[in-house]
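The chain contents come next:
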Amino acid sequence: MHLHSTCSDGTWQPGWLVGEALRAGLEFLFLTDHDNIEAKEQGWYGWFEPGGIDGTHPIGRRLTRPTEADFPVPRLLMCVGAEVTPKNSHYLALGTDELPSPFLPSQGIIDHVRHSGGVGVVAHPDHRGNRRFGIGSYGWRDWSVSGYDLVDLWDLMTDWQDALHGLPSAYFAYRFPAWVLRGPKSATLRRWDEQLRERPAPVIGCCDNHGRLYRLFRDFHLLPYPVAMRILRLHVLCEPLEGLEPAVAEGTLLRAMVAGRSFIANDFWRRAKGFRFSAVGKKRTALMGDTVSPSGGPWRLRITLPTEGRITLLRDGKPWRVVVGRKLEERVDSGIFRVEVEQHLPRLFGRRLSNRYVPWIYSNAIRIVAG
Ligand SMILES: [Zn+2]
Ligand SMILES: [Zn+2]
């Protein structure tokens, strides 16, 4: 979600991104160039299969390694949205070809996307930039707005740039980008927990990757596309997209995202595919994104993981239960619940270098509230 190509300030052509996404095992990709959908006009929209795509590119694959995370996918759904880009307060317009002018105020941009039938995302809301490295601040400014569909909770670009403190840390972040991540910003989490008290407030995660090229003795990509694609991923739970027309499949994905049927994960070491969070009531099962009544309970919250992790179940924004394992079940009456999972850093030569846990999965919320 949220990549830039040569159609704006990215360094790879859309076709290279399609080829790499297929190799990385992505099932969908949302390209969001600044204020244009040129990639769509060039034919980079729809289903693509491996082979036949010029996936060769000069540099940028040095940092990737074949991992068990890579698995072949038969087809990739390439979606082309845009990032509407005023000076700050960037907004993703997905599922629409009618882009608003970036000179509109934030509310005008949101309304335009909504009226054109698109889905809008508040991008990198708490991006602060990095003065030391000359990176501007593009965070969201006006929170009095309404009508946006989604918020970018975990933004890879924001998180990664926050790790750049000086040259040594920048070198470390360049060599080991997945190691320096800290998860969504606490300000973003706090705001989200507040919003969840009022409404479902679905969130997603974004890469916001440009594959920026730098020259220091030789050309190098600071955070290459192949790496970004293997780190921060949005997992969407929806009906199978096989056989659907691209626009129908894209609509299905977007509806699932707006319903909160997704979770965000750092898939670099362990794939999060298979993570589930649900609440089983007397008559129905609630999924991520759902709001249900306490009277349908008692509710049994069920969290399952594909492999072991440290699961934190949060109730009303506060850590409530913590378990290391693959499962957590809890009987509850009411509350707003969401899940964060951490993983150990990987072993090196069979040894655990550090006991540090790093962020892995962030779920959408299940709200069990009256009224
Ligand atoms: Zn942006
Ligand atoms: Zn962007």
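Conventions we followed
Residues numbered from 1 in each chain as written. Chains lettered and ligands numbered in written order. Predicted model: local features only at pLDDT ≥ 70, side-chain atom pairs only at ≥ 80, totals over all residues. Helix = DSSP H or I, 4+ residues; strand = E, 2+ residues; numbered from the N terminus. Rg over C-alpha atoms; globule rule 2.2 N^0.38 Å. Buried ≥ 20, exposed ≤ 12 C-beta atoms within 10 Å, placed from the backbone. Contact = placed C-beta atoms within 7 Å. Pairing = 2+ DSSP bridges. Domains from an automatic or database assignment. Nonpolar A, V, L, I, M, F, W, Y, C, P; charged D, E, K, R; others polar. Expected span 1.5 Å × (residues − 1). Core = buried A, V, L, I, M, F, W, Y, C linked by C-beta atoms within 7 Å. pLDDT = per-residue confidence, 0-100.

**Student:** Would you mind showing me how to read the overall build of the protein here?
**Tutor:** Helix and strand content of the protein: eight helices and 19 strands. Here the C-alpha atoms of the protein give a radius of gyration of 20 Å, agreeing with the 21 Å that 2.2 N^0.38 yields for 371 residues. Along the longest, intermediate and shortest principal axes, the C-alpha atoms of the protein span 60 × 55 × 45 Å. Looking at the protein as a whole, 44% of its 371 residues qualify as buried. Sequence separation of at least 24 residues holds for 70% of the intrachain contacts in the protein that already meet a minimum separation of 6.

**Student:** Is there a simple way to think about the pairing of strand S15 (residues 299–315) in this case?
**Tutor:** Looking along a regular strand, one sees the side chains alternate between the two faces of the sheet. Relative to S15, strand S12 (residues 276–280) runs antiparallel, the two being bridged by five bridges. Across the sheet, residue Val-280 finds its bridge partner in S15, namely Arg-300. Here 13 bridges tie S15 to strand S16 (residues 318–332), and the two strands are oriented antiparallel to one another. Paired with Leu-301 across the strands is Glu-330, a residue of S16. The antiparallel pairing of S15 with S16 creates a hairpin that spans two residues between the two strands, and Asp-316 there sits at a positive phi of about 50°. As judged from the six bridges shared by S15 and strand S17 (residues 335–344), these two strands associate in the antiparallel manner. Its bridge partner being in S17, Arg-310 is matched across the sheet by Glu-342.

**Student:** For this particular structure, what's the right way to read the environment of Val-151?
**Tutor:** With respect to the secondary-structure elements, Val-151 resides in strand S6 (residues 150–155). For Val-151, a count of 21 C-beta atoms within 10 Å gives the class buried. Sequence separation between Val-151 and Thr-188 is 37 residues, and the spatial gap between their C-alpha atoms is 9.2 Å. When near neighbours in sequence (up to four residues on either side) are disregarded, Val-151 contacts Val-121, Val-122, Pro-125, Trp-192 and Val-203.

**Student:** What is the right way to look at the pairing of strand S7 (residues 203–206) in this model?
**Tutor:** Burial of S7 is two-sided: the residues Val-203 and Gly-205 facing one way and the residues Ile-204 and Cys-206 facing the other way are all buried. Note: S6 against S7, four bridges, orientation parallel. By the bridge assignment for S7, Val-151 is matched with Val-203.

**Student:** Help me understand the domain arrangement of the protein in this model?
**Tutor:** Where the parts come together, the accessible area they lose is often given as the size of the interface. Partitioning the protein into structural domains gives domain 1 (14–268) and domain 2 (274–371). The element best represented in the side of domain 1 that touches domain 2 is strand S11 (residues 262–266), accounting for five residues. For the side of domain 1 that touches domain 2, the residue count by class is 12 nonpolar, four polar and four charged.

**Student:** What should I look at first to understand helix H8 (residues 246–258) in this one?
**Tutor:** For an α-helix, 3.6 residues make a turn, and residues three or four places apart therefore share a direction. Along its 13 residues, H8 runs 18 Å from first to last C-alpha, staying within 8% of the 18 Å computed at 1.5 Å per residue. Where H8 ends, the next residue or the one after it, Gly-260, has phi of about 80°, a positive value.

**Student:** In this structure, what is going on with the nonpolar core? I would like to understand it.
**Tutor:** As a rule of thumb, soluble globular proteins bury nonpolar side chains together. Core analysis: the largest hydrophobic core is formed by 97 residues, its most contacted members being Leu-29, Met-78 and Ile-204. Both domains that furnish three or more residues to this core are identified here as domain 1 (14–268) and domain 2 (274–371). Once residues lying within four places of it in the same chain are set aside, the contact partners of Met-78 are Val-18, Leu-29, Leu-31, Trp-44, Tyr-45, Gly-46 and Phe-48.

**Student:** I would appreciate a short explanation of unusual backbone geometry in the present structure.
**Tutor:** Residue Gly-297 is joined to Pro-298 through a cis peptide bond whose omega torsion reads 10°. Looking at where Pro-298 falls in the secondary structure, it is placed in the loop between strand S14 (291–292) and S15. Notably, His-2 is not glycine yet its phi reads approximately 70°, a positive angle. Structurally, the position occupied by His-2 is in the segment before helix H1 (14–23). Looking at His-2, the number of C-beta atoms within 10 Å reads 28, which means it is buried. A positive phi angle is found at Ala-201, which is not glycine, with a value near 45°. Along the polypeptide, Ala-201 turns up in the loop between helix H6 (186–198) and S7.

**Student:** Sorry, what's going on with H1 here?
**Tutor:** Here H1 lies mainly inside the structure; 10 of its 10 residues are buried. Residues Pro-14, Gly-15, Trp-16, Leu-17, Val-18, Gly-19, Glu-20, Ala-21, Leu-22 and Arg-23 constitute the buried set of H1. Buried residues along H1 sit against strand S1 (28–34), helix H2 (38–41), strand S2 (46–48), strand S3 (76–84) and helix H7 (225–231). Residue Gly-25 follows H1 closely and has a positive phi angle near 80°.

**Student:** What's the story with the environment of Asn-355 in this structure? I'm lost.
**Tutor:** For Asn-355, the location among the structural elements is in the loop between S17 and strand S18 (357–363). For Asn-355, a count of 7 C-beta atoms within 10 Å gives the class exposed.

**Student:** When you look at the confidence of the model for the protein in this model, what are you seeing that I'm missing?
**Tutor:** Reading fine detail from the predicted coordinates is not recommended where pLDDT is low. Per-chain confidence: the protein averages 91 in pLDDT, with 94% of residues scoring 70 or above. Taken together, the stretch residues 54–69 has pLDDT below 50 and engages in 22 contacts with residues farther than four places along the chain or on a different chain.

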